[in-house]
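Remarks on the overall topology
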Amino acid sequence: MPNLLRPYRVLVAALLLGAAADYLFNGRALGVSAPLFVALGLALLARLGVDERRPATRANLWLGGAALFFALCLAWRASATLTALNAAAVAGLLALLALSYRAAPLHARHPAELLAGLAGGLGDMLFQPGALAAGALRAAPAPRLRLASAGRVGCGLLLALPVLFIFTGLLMAADAVFASYVEQLLSFDIPFDLADLLGHALFAGAAAWACAGGLLVALVADERWVVGRALAALARALVGLVYVEPAEAAGVEDLPAEGDTQRLRAARRAPIAIGATEALTVLALVDLLFGGFVAIQGAYFFGGLDTLARTGMTYAEYARRGFFELLAVACLSLGLLCALAVVTRRPAARVRRAFNAASAAMIALVLGLLASAFERMALYEQAYGYTELRVYTHTFMIWLALVLGLFLLALFRARPQIFTFGGLVSLVVYLAALNLANPDALIVRENIARVGRAAAYSHRGEEVDVFYLTQLSPDATPALAASLGQLNGESWLVVAAALGGRHDELARQQAADGWPSWHLGRASALWAIERTGLARPQ
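**A word on the environment of Leu 48**
Within the element layout of this structure, Leu 48 appears in helix H2 (residues 33-51). For Leu 48 and Leu 219, which are 171 residues apart along the polypeptide, the C-alpha to C-alpha distance reads 8.1 Å. The residues contacting Leu 48, other than those within four sequence positions of it, are Arg 9, Val 10, Ala 13, Leu 215 and Leu 219.

**What about the confidence of the model for the protein?**
Mean pLDDT over the protein works out to 81, with 80% of the residues at or above the 70 mark. When mean pLDDT is compared element by element in the protein, helix H3 (residues 62-74) scores highest at 96, while helix H12 (residues 305-308) scores lowest at 50.

**Observations regarding the packing of helix H16 (residues 388-413) against helix H17 (residues 416-437)**
It is the contact of H16 with H17, at a shortest axis distance of 8 Å, that shows an interaxial angle of 160°. Judged by the inter-axis angle, H16 sits roughly antiparallel to H17. Where H16 crosses over H17, the two elements pack in a sense that is right-handed. Every residue of H17 that contacts H16 at Tyr 392, Thr 395, Phe 396, Trp 399, Leu 402, Val 403, Leu 406, Phe 407, Leu 409, Ala 410 and Arg 413 is listed here: Pro 416, Ile 418, Phe 419, Gly 422, Gly 423, Ser 426, Leu 427, Tyr 430 and Leu 434. Residue composition of the contact of H16 with H17, grouped by class: 15 nonpolar, four polar and one charged.

**Section: unusual backbone geometry**
Although it is not a glycine, Arg 53 adopts a positive phi angle of roughly 55°. Here Arg 53 is to be found in the loop between H2 and H3. Take Arg 53: its relative accessible area is 68%, and that puts it in the exposed class. The phi dihedral of Ala 414 is positive, around 55°, even though this residue is not glycine. Along the polypeptide, Ala 414 turns up in the loop between H16 and H17.

Analysis parameters
Residues numbered from 1 in each chain as written. Predicted model: local features only at pLDDT ≥ 70, side-chain atom pairs only at ≥ 80, totals over all residues. Heavy atoms only, no water. Helix = DSSP H or I, 4+ residues; strand = E, 2+ residues; numbered from the N terminus. Contact = heavy atoms within 4.5 Å. pLDDT = per-residue confidence, 0-100. Axes fitted to C-alpha atoms, helices over the stretch in contact; angles between N-to-C directions. Parallel < 35°, antiparallel > 145°, perpendicular 65-115°, else oblique. Left-handed = near helix turned anticlockwise from the far one by under 90°. Nonpolar A, V, L, I, M, F, W, Y, C, P; charged D, E, K, R; others polar. Buried < 20%, exposed > 50% of the residue type's maximum accessible area, 1.4 Å probe, protein only.

Here you go:
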């Protein structure tokens, strides 16, 4: 059992959070329930930390604030993509907060140490709640029937259930009269839905278990349980296959005093490692390949239409091809650089400078590839308009370029923490920027404006794909309602019908789910439709 002053308080807090999760989330759409639940969990963690005299590491508390922000975004943005990203961000940040609540600041932890801590903490999250519950039962006052006997009886009941189920089914199949009696016995009328009750119990129990694991890991992270210690040791062993601490790699110890004898420690090498010559060969060949590709790209994009005409394609046709492949190359290149940085032996300063230079050249060329992909995507959007996939891909390229810069900085400063912590912070900022930008509304505004610009320049009509725009989330509804004046004919009728149907759908959903699912994005969509006068009478 975890070594806590009042372990039963953690158990009560977890059960409270489990009941709250069942009430707020089970069978309901996400809404204000998300920030309320996260705020309740953070408040309980802070209270338990004070009661247990286990203060948090202040430098890591920003994780809780970031989790609360993305929980608010769950009640603000209705896009399915943003909802999935925000939910993943909330879960990841809360887990990271629990794992580092009393640990060293994240920005100061080496990736190898961080990986071992994550493995051990996740193991404790899964198994420590069982130890907490068992300890609480042992500490409870003994009733008249001894708990041990009750436990054995309960175990016997669990073992008997499948046996009785099989035998009863066979006997019912063998005799119709017996089957009728069993059916009559099992058809007793109860004032509640047993399946529904079981579903609520399972949902609340799973939520309570997860919350108990998070609270325990946050409060007793320095007292790993047996499972956590085993997983942390396994993670260290796996990391040790490719990474060795600099002090161990150098094999240097304090020299013995004069006249003393002492066995000097030999330099240790990682079992899985390659030499600098092999790594530099790989980097040089990839740099040559990327350099040739970037040179050709420059000729096409900056050499004008005469150069591009050799392919027999227009600018839009050329732009439509290859940007996803280029993005895949950029991601794989980052993975290759990370792998080589980990497994390459670089004992001498001269070797490190050569490796850093080759890596910097590769990053510069990858940034050139990203620039090409970015330009292709921009041309494609100009020709065919914006979609969710194109917008998210476009913005992802910007974040990936920033991550590549962080890797280069970490490599030259010999501080991998810059890459891991900087990548985490940049990812949080990137997701926050997506929420603030509201991609669905941006798609509506830009697509309608693009058609207007094309009509003004070419003096010919170009239809907006209003069907696609009406399939976007309620985040796009206010912009779509505001653009009704720019549409005419069949496009106006399609959008008007879609807005009326969406109003009915959102109103029914809000009435069915109740106040926990109230959502600012969906409410804004309702208000925008009502202002247009297209809302149908309820």
